[in-house]
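# An overview of the molecular structure
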There are 2 protein chains.
Amino acid sequence: MSNPFTRAFLDPHFLPPETSAALSFSGGRLDRLSEDRDEHTLQRAMDHPEARIWGLAKGRVLMRVEGEAPIGLHRVDVLADFAPQPDRAVLLGYDQGAPRLAMPLKLDPDGEDFALPQGHALIDFRSLAAQALLPPHELGQVAQAGALLAWHGTNRFCSYCGGKTQAQEAGAKRQCTACGRQHFPRTDPVVIMLTVRGDHCLLGRSHHFPPGMYSALAGFVEPGETMESAVRRETFEEAGIRIGAVHYHATQPWPFPHTLMIGCYAQALEETIVKDEAELDDCRWFHRDEVRAVLAGEGEKNEDGSPKFFMPPKLAIANRLVADWVEGRASI
Amino acid sequence: MSNPFTRAFLDPHFLPPETSAALSFSGGRLDRLSEDRDEHTLQRAMDHPEARIWGLAKGRVLMRVEGEAPIGLHRVDVLADFAPQPDRAVLLGYDQGAPRLAMPLKLDPDGEDFALPQGHALIDFRSLAAQALLPPHELGQVAQAGALLAWHGTNRFCSYCGGKTQAQEAGAKRQCTACGRQHFPRTDPVVIMLTVRGDHCLLGRSHHFPPGMYSALAGFVEPGETMESAVRRETFEEAGIRIGAVHYHATQPWPFPHTLMIGCYAQALEETIVKDEAELDDCRWFHRDEVRAVLAGEGEKNEDGSPKFFMPPKLAIANRLVADWVEGRASI
């Protein structure tokens, strides 16, 4: 059995050298001890005096927002006031031996009769990241909590036989009460690629993007594909551009609901865009200087002062792909 | 609507430059046209005069093995003799406009009363790859077929409500007949890493490996992890070794049942191994020269002539990680 206190790879002073570690939601450092769990682990963790717990409701996190710094990790008993669902709690892991858990709350942030006690708020994952309301290692816990609770919430029945499933090993898996089959949390790999050609990069906008926003193209890795073949297929399907070399840049856990974003650079073999009208509102080449100006907040403005063109915020890996290319840190 | 004949990114003469493309199961080049499908697509594909279909039973492929080259792509009507399940057929995509499909067969390769007509055999995926019984682009179709049919086979019920699900869009997804929820094929990202320290690499053997076989360590990416953090966690859990830099090398679709292998190199920060007794039978450092000799078939032998130490076959990405490191093609 491992002793959480000796697990030095989680040393908070170790700074991982890769780009992935600098991305939002990537800072998780808990010791999951997934192999050292049994049917008593969850209760033992809940009862631990140093246990702290995240309360989640519909993709938002219960935060105490009075005082100097917002607090998202609560004592277990504090959640009693917030419609807790203790039978759905999961153990994320241990922080220097102190259990960290997550639990869904039966609150409806969009409901009319919704009221939280003074000094509390439900804040969505993106805002927590964008406003840096949590330190990176806690934001990593939120990503893990969001992905894991979303998966448990959509896997209460066995996809094999239709029977009811039960969480096991403090949420590390589920098992069917009818056929006994085990189910493990799902993580969906998605490729997101900045396609470049000389001093230009390819950005597109979905129909549902806010006006003026452009981003890197992306799509799920399909059965039987490599990372590179998924990049080629998606870029061709969406923009009609053939791709030569593909280079990995970074990964990011993306809890919407349980995705692994795989960020790449892709070398365009041609220039003429044939966009997928169903998927994209627009798709075009942007010069490095234009992108650099926009990243610096110095791009062209509309008459009302809003930017004519902007990109996803820094919390998104698309932003980082563009920024690293502009600054010459892209491996292409 | 796209015209399959114009989809030049699938040009069979284009040779992708990355390592991934040289791996077994990575050669799939079908045009999936996942967005251009409706409720008539499957029947239209089955009726197409150029349609060809893979028949799969329990991880094996129906092959016609008489004649010069083994054949795995059959005319649809040929499968009539092999307990076909046409209601479970899926469309993989198009090869220059010709539909390629897959269908489970109700044959039990391990059953006693099992007999195939003369000139036919059921051959498992690994043997097809190891013996090069199919060209790379067909082996890629097998990987896609295996992953997709395995997923359909274990998702006939809705994990959200327990209702029955139905395949839609010729197998590109399933939908619940009760709650309407859509379900998409699952791909599980797994990191597999060759950990190196100077002229040594770290290899381990599971309890279930054949005697003498060692391989790179590996494990599923868990919720909230980056590729690199999964590499660090798995290496520490299994071998007690802390990792510094991590570099991506290649991905491989691995149809057992529907995995994306993400091959990496990992820089060890220490030498002393503390192996996970539950997971590993042995784990140790191997010198580059020893590994090179073994790859060349010139390693030490037991008295009966069998190798004292050997690695997974070339079809496995572990073999490639080791070979590329030995030959100086590893980015570490």
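Description of the structure in this document.

The rules behind these values
Residues numbered from 1 in each chain as written. Chains lettered and ligands numbered in written order. Predicted model: local features only at pLDDT ≥ 70, side-chain atom pairs only at ≥ 80, totals over all residues. Heavy atoms only, no water. Salt bridge = Lys/Arg side-chain N within 4 Å of Asp/Glu carboxyl O. Helix = DSSP H or I, 4+ residues; strand = E, 2+ residues; numbered from the N terminus. Buried < 20%, exposed > 50% of the residue type's maximum accessible area, 1.4 Å probe, protein only. Core = buried A, V, L, I, M, F, W, Y, C linked by side-chain atoms within 4.5 Å. Contact = heavy atoms within 4.5 Å. Buried area = accessible area lost by both parts, 1.4 Å probe. Polar contact = N/O pair within 3.5 Å; in protein donor to acceptor, adjacent residues only side chain to side chain. Nonpolar A, V, L, I, M, F, W, Y, C, P; charged D, E, K, R; others polar. Axes fitted to C-alpha atoms, helices over the stretch in contact; angles between N-to-C directions. Parallel < 35°, antiparallel > 145°, perpendicular 65-115°, else oblique. Left-handed = near helix turned anticlockwise from the far one by under 90°. Least-squares fit on C-alpha atoms with pLDDT ≥ 70 in both. Phe/Tyr/Trp six-rings, centres within 6.5 Å; stacked < 30°, edge-to-face > 60°.

Glancing now at the pattern of salt bridges. Scanning all chains against the criterion turns up 48 salt bridges over all chains. Between Arg 32 of chain A and Glu 222 of chain B there is a salt bridge; the shortest N-O distance is 3.3 Å. A residue pair is termed interchain when its members come from two chains, as with Arg 32 of chain A in the segment before helix H1 (41-47) and Glu 222 of chain B in the loop between strand E11 (217-220) and helix H4 (227-239). Judged by relative accessible area, Arg 32 of chain A falls into the buried class, the value being 8%.

The next thing to look at is the nonpolar core. In terms of nonpolar packing, the biggest core is built from 49 residues, with Trp 54, Leu 128, Leu 194 and Leu 203 of chain A touching the most fellow members. Once residues lying within four places of it in the same chain are set aside, the contact partners of Leu 203 of chain A are Leu 194, Tyr 214, Ser 215, Ala 216, Cys 283, Arg 284, Phe 286, Phe 309, Met 311 and Val 322 of chain A. Listed in part, the 48 residues of the second largest apolar core include Leu 23, Leu 30, Leu 148 and Leu 194 of chain B.

Let us now look at the interface of chain B and chain A. Interfaces are often sized by the amount of accessible area the parts lose when they come together. With 57 residues of chain B at the contact, the number on the chain A side is 57 residues. Across the chain B/chain A interface, buried area totals approximately 5,000 Å², and carbon plus sulfur atoms make up 59% of it. Between Glu 18 of chain A and Arg 232 of chain B there is a salt bridge, with its nearest N and O atoms 2.8 Å apart. Here chain B and chain A share 26 residue pairs in polar contact (both at pLDDT 80 or more) between them. Residue assignment for the side of chain B that touches chain A shows that the elements contributing at least two residues are helix H3 (136-153), H4 and strand E12 (243-254) of chain B. In terms of residue class, the side of chain B that touches chain A is made up of 27 nonpolar, 15 polar and 15 charged.

Moving on, we come to helix H6 (residues 317-326) of chain A. A turn of α-helix holds 3.6 residues, and therefore any two residues three or four places apart point the same way. Residues and elements named next belong to chain A. Of all 10 residues in H6, 9 are buried; the element is thus mostly enclosed. Here H6 has its buried residues at Ile 317, Ala 318, Asn 319, Leu 321, Val 322, Ala 323, Asp 324, Trp 325 and Val 326. Of the surrounding elements, those touching the buried residues of H6 are strand E9 (188-197), strand E10 (200-206), strand E12 (243-254), strand E13 (259-268), strand E14 (280-287) and helix H5 (288-295). One or two steps after H6, the chain reaches Gly 328, where phi turns positive at roughly 75 degrees.

Residues and elements named next belong to chain A. It is at 10 Å that the axes of H5 and H6 come closest, and there the two elements cross at 120 degrees. The pairing of H5 with H6 is recorded here as oblique in orientation. Regarding H5 and H6, the two cross each other, and that crossing is left-handed. Along the contact surface, H5 presents Arg 288, Val 291, Arg 292 and Leu 295, while H6 presents Asn 319, Val 322, Ala 323, Trp 325 and Val 326.

Under the fitted operation, chain B is carried onto chain A by 0.0 Å of movement along the axis and a turn of 180 degrees, and the coordinates agree to an RMSD of 0.0 Å. Viewed as a symmetry operation, the transformation between the two copies matches a two-fold axis. A shared interface surface links the copies, since 100% of the contact residues of chain B are contact residues in chain A too.

Moving on, we come to the packing of aromatic side chains. All names here are of chain A. What the rule picks out here adds up to 15 aromatic pairs over all chains. Ring geometry for Tyr 214 against Phe 286: centres 5.0 Å apart, planes inclined by 65 degrees, an arrangement best described as edge-to-face. Here the residue Tyr 214 occupies a position in the loop between E10 and strand E11 (217-220), and Phe 286 occupies one in strand E14, the gap between them amounting to 72 residues. Phe 286 carries the same exposure label as Tyr 214, and that label is buried. Between Tyr 214 and Phe 309 the ring centres are 5.7 Å apart and the planes differ by 85 degrees, which places this aromatic pair in the edge-to-face class. Of the two residues, Tyr 214 sits in the loop between E10 and E11 while Phe 309 sits in the loop between H5 and H6, which places them 95 residues apart along the sequence. Note on Tyr 214: relative accessible area 7%, which makes it buried.

Geometric descriptors of this kind do not, in isolation, establish any biological role.
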